[in-house]
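Descriptive analysis of the structure
Chain residues, written in single-letter form:
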Amino acid sequence: MNSERRRAAHFQSAPVPVLLVSAVLALAVFLADLALPVEVPSVPYAALVLAALWLPWPRASLFYAAGASALLLFANFVSPPTDDPSIAVANVALSLAAVWICAVLCYQFKSGTQGAAVQGERLRAVIEEAVDPIILIDAKGQIVTFNPAAERVFGYRLDEVEGRNVKMLMPSPDRERHDTYMQNYVDTGVKKIIGIGREVIAQRKDGTLFPVRLAVAEASSFGGRYFVGTLQDLTEQKARERALQESEAHLRAVVESAVDPIIVIDEHGIVEDFNRAGERVLGFRAEEVIGQNIRMLMPSPDRERHDEYMHRYLTTGVAQIIGIGREVFAQHKLGTLVPVRLAIAEASAGGRRRFVGMLHDLTSQREAQRRLRSEEHTSELQSRLHLVCRLLLEKK
């Protein structure tokens with residue numbers, strides 16, 4: 001890159017000597033035309049126009065053509081090559097045509113090369129400023145371009161990898177197989193990764209391995225085949241995925257080990273999770289419930305009204321039970337009713353709304369309350385019986 005910048009700076013400083021040489025050449029051509037007049041003096045003047053190719057401006061050839069035309073006309077006016085005016089005019093016209101054709105061709109060529117140079121500079125700037133590593137290799141697998149992002153991610157400097165085989169950035173066994181992959185593609189044209197992209201493992205300078213998403217494209221330039229690889233470092237993404245998986249596994253363990261039933265539904269009322277306590281209390285297996293509407297666990301009339309409750313909450317946002325909790329009846333698989341205390345919370349993730357319900361079985365509590373009331377009633381009856389007996393004894 002530094003050598004290219006030096007060449008560009010040298011090219012930009014070239015106009016002064018080129019202009020001096022052009023002036024000397026123009027004077028020489030003009031004097032030669034006066035001293036040795038020819039009938040069609042197009043060649044020396046066209047050569048003068050070609051000197052504009054050494055200047056960085058595409059329109060320089062047009063200015064040179066204008067100057068050459070002026071010199072040609074002046075030379076023919078001062079020292080005409082023939083006494084026949086018609087022949088002289090024809091010769092001058094042919095010479096001017098040759099000069100301007102040469103100028104137009106030079107202008108088109110220079111515009112094209114300058115446009116290509118500008119596009120090349122823009123492409124180079126894009127590659128240099130890219131956030132992700134970009135590596136260009138030739139058909140032999142040798143590294144041609146290694147941008148700053150690649151230097152940062154891999155730990156190599158450009159001069160450490162330029163001209164070396166790209167397999168130095170790969171761990172085994174891909175390192176040993178890479179040249180075979182390249183040769184097979186060159187021979188057969190069968191693509192295994194080019195234009196497709198996949199996740200692979202790359203190797204840093206210090207030997208550490210890290211995951212990347214690799215996309216490879218093929219390009220042809222000046223008769224050669226090149227391959228452009230764009231890599232996205234997946235280290236942080238994989239770390240987040242592992243943390244999320246660990247969090248989900250921890251949450252799953254908490255849900256599964258919970259004493260009370262926990263049920264997760266989506267915004268349509270479809271059951272997404274049903275823990276073991278739910279199986280024990282309600283009698284259903286998880287696979288019998290997951291994917292079904294939660295209303296299957298409700299008795300009438302709540303079963304028929306549930307979808308309306310959900311729609312009203314999603315539309316108005318008015319909560320009647322969410323975040324409040326209340327005692328309701330759930331329906332066991334056998335059809336019996338189970339008294340429960342229901343608490344519901346809402347959670348949003350990935351743009352989806354979910355509802356988590358926790359149920360506390362009140363069967364034992366209700367049975368204990370019933371026994372207590374029964375014992376209290378029995379005690380009260382016994383007290384009354386003793387009172388009646390005492391009154392009867394007193395009358396006797």
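Thresholds, definitions, all that
- Residue positions within a chain follow its written sequence, with the count starting from 1.
- Per-residue local features of the predicted model are confined to residues with pLDDT of at least 70, and side-chain atom pairs are confined, for both listing and counting, to 80 or more; whole-chain, interface and lining totals are unaffected and use all residues.
- With hydrogens and water excluded, all non-hydrogen atoms of the structure serve as input to the side-chain values.
- Each helix corresponds to a stretch of at least 4 residues labelled H or I by DSSP, and each strand to a stretch of at least 2 residues labelled E; elements are numbered beginning at the N terminus.
- In what follows, a contact means two residues having at least one pair of non-hydrogen atoms within 4.5 Å.
- Only buried residues count toward a nonpolar core. Its members are Ala, Val, Leu, Ile, Met, Phe, Trp, Tyr and Cys residues joined through side-chain atoms within 4.5 Å.
- Only protein chains enter the calculation, and the probe is 1.4 Å; a residue is then buried if its accessible area is under 20% of its type maximum, exposed if over 50%, and partly exposed in between.
- Definition of a polar contact: a pair of N or O atoms within 3.5 Å, with one able to donate and the other able to accept a hydrogen when the atoms are protein atoms, and with sequence-neighbouring residues admitted only if both atoms are side-chain atoms.
- Expected span of a helix, by definition, is 1.5 Å for each gap between consecutive residues, and there is one gap fewer than residues.
- Strand pairing is defined by DSSP finding a minimum of two bridges between the two strands.

A closer look at the environment of L282
In this structure, L282 sits in helix α10 (residues 276-282). Taking C-alpha positions, L282 is 9.7 Å from D361, a pair spaced 79 residues apart along the chain. Apart from residues no more than four positions distant in its own chain, L282 is found in contact with I263, F274, L297, A330, Q331, H332 and K333.

Digging into the nonpolar core
With 25 residues, the main nonpolar core has I135, I143, F146, F154 and L169 as its most contacted residues. Going through the elements one at a time, β1 (134-138), β2 (143-146), α6 (148-154), α8 (174-188), β3 (198-203), β4 (209-221) and β5 (224-233) are the ones with two or more residues in this core. Top contributing element to this core by residue count: β4, with four residues. With 22 residues, the next largest nonpolar core counts I294, L297, I321 and L342 among its residues.

Concerning the side chain of N165
By the secondary structure assignment, N165 is in the loop between α7 (158-161) and α8. For N165, the side chain forms a polar contact with the side chain of D179, separated by 3.2 Å. Excluding its chain neighbours within four sequence positions, the residues that come into contact with N165 are K140, G141, Q142, H178 and D179.

What about helix α12 (residues 302-316)?
Each α-helix turn comprises 3.6 residues. Residues three or four places apart therefore point the same way. With 15 residues, α12 ought to run about 21 Å at 1.5 Å a step, and its terminal C-alpha atoms sit 20 Å apart, in line with that. Along α12, the residues that are buried comprise H306, M310 and Y313. Close packing links the buried residues of α12 with β6 (262-266), β9 (337-349) and β10 (352-361). One or two residues past the end of α12 sits G317, with phi positive at roughly 80 degrees.

Considerations on the pairing of β9
Judged from the six bridges that link them, strand β8 (residues 326-331) and β9 form a sheet pairing that is antiparallel. Along β9, the bridge assignment pairs V328 with V340. With ten bridges connecting them, β9 and β10 associate as antiparallel partners. If you follow R341 over to β10, its bridge partner there is H360.

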